[in-house]
Amino acid sequence: LFHTKLNTYKWLLKLHKVDNIYSLEDIYCIIGYYKHIDNCLKEGRMQTLADKFRPTCIDDIVGQEHILGKGKVLRRLIENKNVSNLILFGNPGTGKTTIANLIAKSSNKKLFKLNGTTASVKDIQEIAKTLDTLEGYNGVIVYLDEIHAFSKNRQSSILSYLETGQITLIASTTENPYHSIHPA
């Protein structure tokens, strides 16, 4: 059994171009390294390449002049720190996440990032716990990527916080929001 397990791990690691595996300890060491990198990314100690090159101010964004140009609606909202609930709709790579990051940065509100495919009601409840703490003192923005994949039940769990203004929702989707998001 040990020999079969070792060969299976060796085969998997060769797929990832890892050579010179001699024992199960080597495999555990490599797996530990990958887990360490994954934890660093989750805790914000490392940045992805996309995050390193992401624009850090509105003027650095290329394109989107129709909403971010001088005097345009979204730019005025950001500059006046008057952030309301938004749904950003567009193709992948058009700057939806970047815009959400810049809005949160300019408003001095705590930003929580969720993905509609993996987020749960429990995640919303965890965010709600921060509302009455120092972390949520200036307010909370929830950036929900792929809201079209967020089920009706999960969308309902955040609705009461949106109605009272305790949470500001910035959602993004690649699907038409008129057809993919559940009405309140």
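Every value quoted in this text rests on a predicted model; they were computed, and no experiment measured them.

Parameters and conventions
Residues numbered from 1 in each chain as written. Predicted model: local features only at pLDDT ≥ 70, side-chain atom pairs only at ≥ 80, totals over all residues. Heavy atoms only, no water. Helix = DSSP H or I, 4+ residues; strand = E, 2+ residues; numbered from the N terminus. Buried < 20%, exposed > 50% of the residue type's maximum accessible area, 1.4 Å probe, protein only. Contact = heavy atoms within 4.5 Å. Pairing = 2+ DSSP bridges. Right-handed = clockwise from strand over helix to strand, strands pointing away. 1 Å grid on protein atoms, 1.4 Å probe; cavity = no way out; pocket = protein on both sides within 12 Å on 5 of 7 lines; lining within 4 Å. Points joined across faces, edges and corners; volume = space filled by probe spheres on them. Nonpolar A, V, L, I, M, F, W, Y, C, P; charged D, E, K, R; others polar. Polar contact = N/O pair within 3.5 Å; in protein donor to acceptor, adjacent residues only side chain to side chain. Core = buried A, V, L, I, M, F, W, Y, C linked by side-chain atoms within 4.5 Å. Axes fitted to C-alpha atoms, helices over the stretch in contact; angles between N-to-C directions. Expected span 1.5 Å × (residues − 1).

### Quick word on the overall build of the protein chain
Alright, step 1. Of the regular secondary structure elements, the protein chain holds nine helices and four strands.
Alright, step 2. Taken across its 184 residues, the protein chain has 34% of its residues classed as buried.
Alright, step 3. In the protein chain, once contacts between residues fewer than 6 apart in sequence are set aside, the share between residues at least 24 apart is 67%.

### Considering the pairing of strand β4 (residues 167-173)
Alright, step 1. With seven of seven residues buried, β4 lies mostly within the body of the structure.
Alright, step 2. Here β4 shows a buried face lined by Ile 167, Leu 169, Ala 171 and Thr 173 and a second buried face lined by Thr 168, Ile 170 and Ser 172.
Alright, step 3. As paired elements, strand β1 (residues 86-89) and β4 share four bridges and run parallel to each other. Paired with Ile 87 across the two strands is Ala 171, which belongs to β4.
Alright, step 4. Bridge analysis of strand β3 (residues 140-145) against β4 gives six bridges, and the strand direction is parallel. Bridge pairing links Leu 144 to Ala 171 in β4.
Alright, step 5. What joins β3 to β4 is helix α8 (residues 152-164), and the crossover it makes is right-handed.

### Points about empty space enclosed by the protein
Summary: where empty space remains is shown by rolling a probe the size of a single water molecule over the atoms.
Alright, step 1. If you walk through the whole model with that rule in mind, you get one cavity of 30 Å³ or more.
Alright, step 2. Lining the largest cavity are Leu 74, Leu 77, Ile 78, Asn 82, Val 83, Ser 84, Leu 86 and Ile 103.
Alright, step 3. By residue number, the principal contributor to the lining of the largest cavity is helix α5 (residues 73-79), which donates three residues.
Alright, step 4. Considering only residue class, the lining of the largest cavity consists of six nonpolar, two polar and no charged.

### A closer look at the side chain of Arg 75
Alright, step 1. Along the polypeptide, Arg 75 turns up in helix α5.
Alright, step 2. Here Arg 75 falls in the buried class, since its relative accessible area comes to 6%.
Alright, step 3. A polar contact is formed between the side chain of Arg 75 and the backbone oxygen of Leu 68, at a distance of 2.9 Å.
Alright, step 4. Not counting the four nearest positions on each side in its chain, Arg 75 is found in contact with Ile 58, Asp 59, Ile 67, Leu 68, Gly 69 and Lys 70.

### Some details on the pairing of strand β2 (residues 110-115)
Alright, step 1. Two elements, β2 and β3, share six bridges in a ladder whose sense is parallel. Looking at the pairing, Lys 110 lines up with Val 140 of β3.
Alright, step 2. With helix α7 (residues 121-129) bridging β2 and the parallel β3, this β-α-β connection has right-handed handedness.

### Things to note about the nonpolar core
Alright, step 1. If you look at the biggest cluster of nonpolar residues, it comprises 17 residues, and the most contacted ones within it are Val 142, Ile 167 and Leu 169.
Alright, step 2. For this core, the elements supplying multiple residues, two or more each, are β2, α7, β3, α8 and β4.
Alright, step 3. Residues Val 83, Ile 99, Leu 102 and Ile 103 belong to the second largest nonpolar core, which totals 16 residues.

### Considering the sheet that holds β1
In any sheet, the strands associate via hydrogen bonds between backbone groups, in a parallel or an antiparallel arrangement.
Alright, step 1. Taking strand neighbours across the sheet as the criterion, the four strands line up as β1-β4-β3-β2 in an open arrangement whose pairing is parallel. Lying at the two open borders of the sheet, with one neighbouring strand each, are β1 and β2. If you compare each strand with its neighbour and ignore which way they point, the axes differ by 15° on average.
Alright, step 2. Those strands touched by α7 are β2, β3 and β4, and its axis lies near 175° from that of β2.
Alright, step 3. With respect to the sheet, α8 is in contact with β3 and β4, its orientation differing from that of β4 by roughly 130°.

### Side note on helix α6 (residues 96-107)
Alright, step 1. The terminal C-alpha atoms of α6, which comprises twelve residues, lie 17 Å apart, in line with the 16 Å expected from a rise of 1.5 Å per residue.
Alright, step 2. Across the twelve residues that make up α6, a large majority, ten, are buried.
Alright, step 3. If you check which residues of α6 are buried, you get Lys 96, Thr 98, Ile 99, Ala 100, Asn 101, Leu 102, Ile 103, Ala 104, Ser 106 and Ser 107.
Alright, step 4. Packed against the buried residues of α6 are α4 (65-68), α5, β1, β2, β3 and β4.

Structural measurements only, silent on function.
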